[in-house]
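Chain by chain, the residues run as shown.
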Amino acid sequence: MGKHWAKQQANQNELEDFLVLGMTWIRLNRQKAAAIAGGILVLAAVGGFILYTAHKKATAAWNGLFISRSLAYSGHAKEALEEIQRMENDYPGQPATAYADLFGGDVLYQGGQYKDALSYYQKVLDQGRPTVILPFALGDTALTQEAMGDCQDASATAQRFLDTYPDNFLAPQVHLSLARCLDTLGDKVQAKADYQKIAIEYPGTSFAALAQKNSQ
C-alpha cells in the first residue's frame, strides 16, 4: 500500500513538473508558442480541407458506381465500362472504384469476354481492399478461368480460395468448380473425393445435388 501510494505520488509530481515546465516555456517563449499555435491551426485547416476533399471524392466515386450499374442494367454495357474507366482515372484507390472494377468484371464475364473480365478482377485483388470484396474477386477469377477452359489455373485459384476463405458463402460454388476442373484434368480420384465432400458439407443445396450427380 505504501509503495503504491509513493508511486502514485511520484507520477503525480512528475505530471505537475511537466505542466509547470510547459507553462514556463510558453511564458519565456511567447513568440515561438504563438507560432506553434498558429502552425497547429494551419495544420487543422489543411486537415479539414483534406477530409472535405476526400469525402467529396468518395461521394463522386459512389455516384460513378451507381451510374455504371444503371447503364449496365439498362443494356448499355459499353457505356457502363466507359464509366468505370473514368472512375479508375479520376478516383483511383477509392473503395467505390474497387466495387466498380468487380462489377466491370461481372459485366464482361456475362458478355463472354473472359480475358478482359480477369483483368478487372485482378485490379481488385491488386488493390487489396475493401477486404469484403476480395473473396468475390478471387472466386470469380476461378470461375472465369474455368469458363475459359484453363482448368490448370482455375483449380489452383479455386484451391487458394478454399484455403483462404473456407467459410465464405461462395465456397461451395468454388469447390464445385475445383472438382469439375480436376475431373477435366483427369484426376478422377480427387475429383470424386471433392464431389463427395461437397455433398456432405452442403446437404440440401443445388451444389450438393450437382456434386452427387457428377460423382456417379
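Focus: the environment of T59
Following the sequence through the fold, T59 ends up in helix α2 (residues 30-73). With 35 residues separating them along the chain, T59 and Q94 place their C-alpha atoms 9.9 Å apart.

Let's talk about the pattern of salt bridges
Counted according to the given criterion, the structure contains six salt bridges. Between R180 and E146 there is a salt bridge whose closest N-O contact spans 2.7 Å. With R180 in helix α8 (residues 171-184) and E146 in helix α6 (residues 134-147), this residue pair connects regions lying 34 residues apart in the sequence. Look at R180 and you get partly exposed, because its relative accessible area is 29%. The class for E146 is buried, based on a relative accessible area of 17%.

Regarding the environment of G149
Along the chain, G149 turns up in the loop between α6 and α7 (151-164). C-alpha of G149 to C-alpha of T184: the two residues are 35 residues apart in sequence and 9.4 Å apart in space.

Structural notes on the confidence of the model for the chain
Per-residue pLDDT for the chain has a mean of 81; in total, 75% of the residues score no lower than 70. In the predicted structure, residues 1-12 sits below a pLDDT of 50 and forms zero contacts with residues beyond four places in sequence or in another chain. Low pLDDT (under 50) marks residues 14-53, which in the prediction has four contacts with non-local residues, meaning those over four places away or in another chain.

Some points on the packing of aromatic side chains
Scanning all chains against the criterion turns up five aromatic pairs. Centre to centre, the rings of F136 and F169 are 5.7 Å apart; their planes meet at 65 degrees, and the pair counts as edge-to-face. Residue F136 is found in helix α6, and its partner F169 is found in the loop between α7 and α8; the two are separated by 33 residues along the sequence. Residue F136 is classed as partly exposed on the basis of its relative accessible area, which comes to 28%. Take F169: its relative accessible area is 59%, and that puts it in the exposed class. In this arrangement the basic side chain of R69 is found over the ring face of F103, its NZ or CZ atom lying 4.8 Å from the centre.

Thoughts on unusual backbone geometry
Of note, the amide linkage connecting R129 to P130 takes the cis form, showing an omega dihedral of 0 degrees. Its place among the elements puts P130 in the loop between α5 (114-127) and α6.

A few points about the side chain of E83
Take E83: it is sitting in helix α3 (residues 77-90). Relative accessible area serves as the criterion here: at 12%, E83 is assigned to the buried category. Only 2.5 Å separates the side chain of E83 from the side chain of R86, close enough to count as a polar contact. Filtering out sequence-adjacent residues up to four positions away, E83 remains in contact with G64, I67, S68 and L71.

Considering α7
A rise of 1.5 Å per residue sets the reference length of α7, with its 14 residues, at 20 Å; its end C-alpha atoms lie 19 Å apart and thus fit the reference within 8%. Among all positions in α7, only C151, A154, S155, T157, A158, F161 and L162 are buried. Axial view of α7: buried residues confined to an arc of 165 degrees, hence all on one face. Counted as exposed and oriented over 90 degrees from the buried face of α7: Q152 and D163.

Considerations on the side chain of N168
Among the secondary structure elements, N168 is positioned in the loop between α7 and α8. N168 has contacts with P135 and F161, leaving out every residue within four places of it along the chain.

Cut-offs and rules
Residues numbered from 1 in each chain as written. Predicted model: local features only at pLDDT ≥ 70, side-chain atom pairs only at ≥ 80, totals over all residues. Heavy atoms only, no water. Helix = DSSP H or I, 4+ residues; strand = E, 2+ residues; numbered from the N terminus. Salt bridge = Lys/Arg side-chain N within 4 Å of Asp/Glu carboxyl O. Buried < 20%, exposed > 50% of the residue type's maximum accessible area, 1.4 Å probe, protein only. pLDDT = per-residue confidence, 0-100. Contact = heavy atoms within 4.5 Å. Phe/Tyr/Trp six-rings, centres within 6.5 Å; stacked < 30°, edge-to-face > 60°. Lys NZ or Arg CZ within 6 Å of the ring centre and 35° of its normal. Polar contact = N/O pair within 3.5 Å; in protein donor to acceptor, adjacent residues only side chain to side chain. Expected span 1.5 Å × (residues − 1). Arc of directions from axis to C-beta.

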